[in-house]
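Here's the letter readout for the chains.
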Amino acid sequence: MRIATLPALGLTIALSATALAAHAASLKEAADVLGASTTQSIEYSGTGRWFQFGQAPAPSLPWPPFDVSRYVANIDYVNAAARVQIVRKQQIEAGRNRPLPTEQRADQYVNGNVAWNFAPPPNSAPGTAPVPSLQAAAVEERSAEIWLSPQGFLKAALAHQATSKASKGGAEISFSPDGKHRYVGTLNAKNQLEKVQTWIDNPVLGDTLVEARYSGYKDFNGVQFPTHIVRTQGGHPVLDIQVADVKVNPAVQLPVPTEIASAQAPAITVAVNQLADGVYYLTGGTHHSVAIEQKDHIVVVEGPLNEARSQAVIAKVKETIPGKPIKYLVNTHAHFDHAGGLRTFVAEGATIVTHKDNETYYKKVWAAPHKLNPDSLAESRKTARFETFTGKHVLADKDHPVEIYPIADNSHNDAFALIYLPKEKILIEGDAYTPVAANAPIPTPPNPYSVNLYDNIRKLKLDVEQIAALHGPRVVKLADLRAAIGLQETAAAP
């Protein structure tokens, strides 16, 4: 999908007199108050909180919070480019037993239609130099953040024939830069920008509202800028920053790295590893699925990431087990990286098997508009079918029965499931335990999610021989899980 972004605004200043004449006085006054016409770049920094979008510990709860000790945003309005640096550490919510928080450093970029990160390679030694990695899926969101900023919104409004109408003592300004994405901003009586809204695509939520609220305006080097920024996405905060410093028109140079300019998004691949008769481990990339052949249909465990991934999984399942429909898609939990492809399976005709607590949430969010990037469910207009559980649930079959159990008391997610194949003695799970590569050191201290998973296995009296984790490089034995939580030596690598 080609993501449309606002063009560089190099001609905005030259055209500003004509543009201002065509727009409402409130827009002109706001641009003057915030110095939009003279601001070509900006840097703002502060501290506060960041929230992990799409990773709520329960469907009814907000995104989990992280303390932010450093937040720096550099924006080049002329070239539609930006860099955001964040130093953060997860907060442990009351009553949750999470892994020991460690400091995370994010370094994120966008320039036009290209987005990338700088970070050390995965599993590299401490002190390894960062390298760039393409982030094609992040372009739309990062570009939107440029034009959500106060000066960015007003510059874009001037350049794109914004309309203005009175609104509660101020004015509402709206425009579309490309005929697809819409921006709506609210000015107060002082012609300060208080709120900006836009909508971007998300595989789970569809057309997703992103809203920025600004308050506590202060003069920074002759330009008014808010001292408090709160950004929400999908109905919950994703950023809450107290701004301490603002630099106006700093030198901001964010060229696309050569290796990124020539990079292509990785091809979607699905490899098939037969774990037992009629049981297939479908791997590739960061997220995996499992297909189980039953008498006259197929059960697939997990539809992760997005439509493209699920379409590739569906195609590989049909190739591997021809002539049978996919009747069930078993979903382990509602985190977006594990639920992003569910809509594709609904369009395929599958019934979604998930914890009861997820059903209402999925019905609500899937009813939202999906117009920015219509997927197969939006086009088919099929109604989702659910089969839910709160305790043991069985998809019966003479040869390959599938047992599904809630993972009790796991702080990763409150509506969390594991899948067990009793005849094959295979456990399938995602996020409770991620195996390390063969002969790699075992992380310490033990992950509490993995400790809890093992406790659930024992309490349920499951006879597990293999674990097909939905993340990680390999299928492992129960002994590997025991070793990961400090109970015994690891099993020999297969």
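Residues numbered from 1 in each chain as written. Predicted model: local features only at pLDDT ≥ 70, side-chain atom pairs only at ≥ 80, totals over all residues. Heavy atoms only, no water.

Trainee: So what's going on with the pattern of salt bridges? Residues and values would help.
Mentor: For the structure shown, the criterion picks out 22 salt bridges. Linking Arg 105 and Glu 103 is a salt bridge whose minimum nitrogen-to-oxygen distance equals 3.1 Å. The class for Glu 103 is partly exposed, based on a relative accessible area of 46%. The closest approach of N and O atoms between Glu 319 and Lys 316, which form a salt bridge, is 3.4 Å. Residue Glu 319 and its partner Lys 316 are located together in helix 6 (residues 307–320), separated by three residues, close to a single helical turn. (Salt bridge = Lys/Arg side-chain N within 4 Å of Asp/Glu carboxyl O. Buried < 20%, exposed > 50% of the residue type's maximum accessible area, 1.4 Å probe, protein only. Helix = DSSP H or I, 4+ residues; strand = E, 2+ residues; numbered from the N terminus.)

Trainee: Describe the sheet that holds strand 23 (residues 417–421), with residues and values.
Mentor: Sheet architecture is open: six strands sit in the order 21-22-23-24-25-26, paired in mixed fashion. Both edges of this open sheet fall to strand 21 (393–395) and strand 26 (476–477), since each of them pairs with a single strand only. The strands that helix 11 (residues 448–460) touches are strand 22 (402–406), strand 23 and strand 24 (426–429); relative to strand 24, the one it contacts most, it runs at about 140°. (Pairing = 2+ DSSP bridges. Contact = heavy atoms within 4.5 Å. Axes fitted to C-alpha atoms, helices over the stretch in contact; angles between N-to-C directions.)

Trainee: Please give an account of the nonpolar core that cites residues and values.
Mentor: For soluble globular proteins, nonpolar side chains are generally found buried alongside one another. Counting residues in each nonpolar core, the largest one holds 52 residues, and the members touching the most others are Tyr 44, Tyr 71, Phe 153, Leu 193, Tyr 214 and Phe 225. Residue contacts for Phe 225: discarding those within four places in its chain leaves Ile 42, Tyr 44, Pro 150, Gln 151, Gly 216, Tyr 217, Lys 218, Phe 220, Val 243 and Val 246. If you look at the next biggest cluster of nonpolar residues, it comprises 34 residues, including Val 300, Ile 326, Ala 350 and Trp 366. (Core = buried A, V, L, I, M, F, W, Y, C linked by side-chain atoms within 4.5 Å.)

Trainee: Break down unusual backbone geometry for me, with residues and values.
Mentor: That bond from Thr 444 to Pro 445 is cis: its omega, -10°, falls within 30 degrees of zero. Non-glycine residue Asn 221 carries a positive phi angle of around 55°. You can see Asn 221 is positioned in the loop between strand 11 (206–220) and strand 12 (223–233). A relative accessible area of 62% means that Asn 221 is categorised as exposed. Positioned with a positive phi, Lys 425 is a non-glycine residue whose angle comes to about 60°. Inspection of the secondary structure puts Lys 425 in the loop between strand 23 and strand 24. A relative accessible area of 26% means that Lys 425 is categorised as partly exposed.

None of the figures reported here should be taken as evidence of function without further support.
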